[in-house]
Amino acid sequence: MGDAMDLGIRGKRALVCAASRGLGAGCAQALAAAGVDLVINARGADTLDATAAALRDAHGVNVATVAADITTLDGRAQVLAAAGQVDILITNAGGPPPGLWSDWSRDDFIRAIDANMLTPVALMQALMPGMIARGWGRVINITSQSVKAPIAELGLSNSARAGLTGFVAGTARQVAQHGVTINNLLPGIHATDRATALDAGAAERQGSTPDAVRAARMAAIPARRYGTAAEFGAACAFLCSQHAGFIVGQNILLDGGATNATM
Ligand code: NAP
């Protein structure tokens, strides 16, 4: 590759949640490559520390870590205390488990809504006032293609993320006047541990193999492959860049064309 596009965010400070592996780590990596100092979070300290060390080595940026469950009040308090003022917020957490619409209890819904709607809302409420006061900010919520086209067995995710999407739609248009943009990135299938786990689960249910499940899924994606965390991160970093200040309240599919819709 030639010289990377200058994103104009060197020296800014980002909080990337759920970022020791997978899509969150891809975002952290791309922001670090753009010269952004990071606070990254995940529950497991070992992988988180290894990811942080690799980012420091590769990009020479400051990387602080907070091992905590971002979906709990206490975990969020720890992360926010370590983060202090940030210019860029990437919200992310694990997705809810698959299942059947008739089996989900009120508690299952509350857990999913806590993790995939109210956690990002709380992080935005905590960090956007500072961004507004300083006149610049970027928020990216990692949601899912299931926001645009439902995935039936992920109904807990469909429901909770729809709520977040509604909150962002209105709020993005209230904060844009202060130089703060909020957008959602909607991943289709990406080659992460989560995708491997979903493939294994589907194989078991269908009496098939993970390889066969993967081949069938790839065949249904116009790009004929899974996405990578690196390209997901690059799109995220662009939306956090100086170039993206007029992109407000959008829901951007990164799915290799899998969602069959004209718009
Ligand atoms: P992943 O590979 O399983 O990675 C998840 C990352 O989040 C890990 O670093 C994990 O570390 C951390 N994490 C999980 N729960 C957390 C919590 N409660 N608090 C703090 N950190 C947490 O998952 P992924 O594929 O990157 O997926 C990220 C998000 O995108 C999920 O919400 C998923 O539903 C959504 N998504 C993914 C795909 C896909 O194909 N990959 C497609 C659509 C949507 P610890 O386990 O150590 O906490």
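All of the points below concern the structure found in this document. Keep in mind it's a predicted model, so treat the numbers as computed, not measured. (Residues numbered from 1 in each chain as written. Predicted model: local features only at pLDDT ≥ 70, side-chain atom pairs only at ≥ 80, totals over all residues. Heavy atoms only, no water.)

**Some thoughts on the site of the ligand**
Point 1. Residues in close proximity to the ligand total 28 residues, the closest being S20, L23, R43, A93 and T192.
Point 2. Measuring from an oxygen atom of the ligand, one finds a backbone N or O atom of G188 at 3.3 Å.
Point 3. When isolated, the ligand has an accessible area of 890 Å², and the protein chains bury 91% of it.
Point 4. Those elements that place two or more of their residues in the shell around the ligand are α1 (22–33), β2 (37–42) and α6 (193–206).
Point 5. Its residues placed into classes, the shell around the ligand shows nine nonpolar, 13 polar and six charged. (Near = heavy atom within 4 Å. Polar contact = N/O pair within 3.5 Å; in protein donor to acceptor, adjacent residues only side chain to side chain. Areas by Shrake-Rupley, 256 points an atom, 1.4 Å probe, with all protein chains shown as cover. Helix = DSSP H or I, 4+ residues; strand = E, 2+ residues; numbered from the N terminus. Nonpolar A, V, L, I, M, F, W, Y, C, P; charged D, E, K, R; others polar.)

**Observations regarding empty space enclosed by the protein**
Remark: the empty space left among the atoms is shown by a probe the size of a water molecule rolled over them.
Point 1. Taken as a whole and assessed by the stated rule, the structure comprises one cavity of 30 Å³ or more.
Point 2. Quantified by volume, the largest cavity comes out at close to 80 Å³.
Point 3. Forming the boundary of the largest cavity are T91, N92, A93, A115, N116, T119, P120, I142, T143, R161 and L164.
Point 4. With four residues, the single largest contributor to the lining of the largest cavity is helix α4 (residues 106–134). (1 Å grid on protein atoms, 1.4 Å probe; cavity = no way out; pocket = protein on both sides within 12 Å on 5 of 7 lines; lining within 4 Å. Points joined across faces, edges and corners; volume = space filled by probe spheres on them.)

**As for the packing of aromatic side chains**
Point 1. Going through the model one piece at a time under the given rule, you end up with one aromatic pair.
Point 2. For the ring pair W104 and F109, a centre distance of 6.2 Å and an interplane angle of 85 degrees mean the geometry is edge-to-face.
Point 3. In this structure F109 comes out as partly exposed when scored by relative accessible area, which is 28%.
Point 4. Between the NZ or CZ atom of K12 and the centre of the ring of W136, over which it lies, the distance is 4.2 Å. (Phe/Tyr/Trp six-rings, centres within 6.5 Å; stacked < 30°, edge-to-face > 60°. Buried < 20%, exposed > 50% of the residue type's maximum accessible area, 1.4 Å probe, protein only. Lys NZ or Arg CZ within 6 Å of the ring centre and 35° of its normal.)

**Here we look at the side chain of N92**
Point 1. Position of N92 among the secondary structure elements: in the loop between β4 (88–91) and α4.
Point 2. Beyond its immediate sequence surroundings of up to four residues, N92 is in contact with C17, A18, G24, I70 and I142. (Contact = heavy atoms within 4.5 Å.)

**Section: the packing of α1 against helix α8 (residues 229–239)**
Point 1. Orientation of α1 relative to α8, taken along the N-to-C sense of each, is 55 degrees, at an axis distance of 7 Å. As the angle between them shows, α1 and α8 are arranged oblique. Where α1 crosses over α8, the handedness of that crossing is right-handed. Across from G22, L23, G26, C27, A30 and L31 in α1, the residues of α8 making contact are A229, F232, G233, A234, C236 and A237.
Point 2. In terms of residue class, the contact of α1 with α8 is built from nine nonpolar, three polar and no charged. (Axes fitted to C-alpha atoms, helices over the stretch in contact; angles between N-to-C directions. Parallel < 35°, antiparallel > 145°, perpendicular 65-115°, else oblique. Left-handed = near helix turned anticlockwise from the far one by under 90°.)

**Observations concerning the sheet that holds strand β3 (residues 63–67)**
Two pairing modes exist for strands in a sheet, parallel and antiparallel, and in both the strands are linked by backbone hydrogen bonds.
Point 1. Here we have seven strands laid out as an open sheet, ordered β3-β2-β1-β4-β5-β6-β7, and parallel in their pairing. The open sheet terminates on both sides in strands that have one partner only, identified here as β3 and β7 (251–254). Strand-to-strand twist in this sheet, taken as the mean axis angle between neighbours without regard to direction, amounts to 15 degrees.
Point 2. With three bridges joining them, strand β1 (residues 13–16) and β4 adopt parallel strand pairing. Across the sheet, the residue bridging to V16 is I90, located in β4.
Point 3. Relative to the sheet, α1 contacts β1, β2, β4, β5 (137–142) and β6 (180–187), its axis offset from that of β1 by approximately 170 degrees. (Pairing = 2+ DSSP bridges.)

**Observations concerning the nonpolar core**
Point 1. Judged by nonpolar contacts, the single largest core of 32 residues is most densely connected at I9, V16, L31, L38, I40, I88 and I90.
Point 2. Contributions of two or more residues to this core are made by β1, α1, β2, α2 (45–59), β4, β5 and α8.
Point 3. A per-element tally of this core places α1 first, with six residues.
Point 4. Apart from residues lying up to four places away in sequence, I40 is in contact with V16, A19, A28, L48, T51, A52, L55, V63, A64, T65 and V66.
Point 5. Ranked by size, the runner-up nonpolar core spans 25 residues in total, among them V79, M124, V139 and L164. (Core = buried A, V, L, I, M, F, W, Y, C linked by side-chain atoms within 4.5 Å.)

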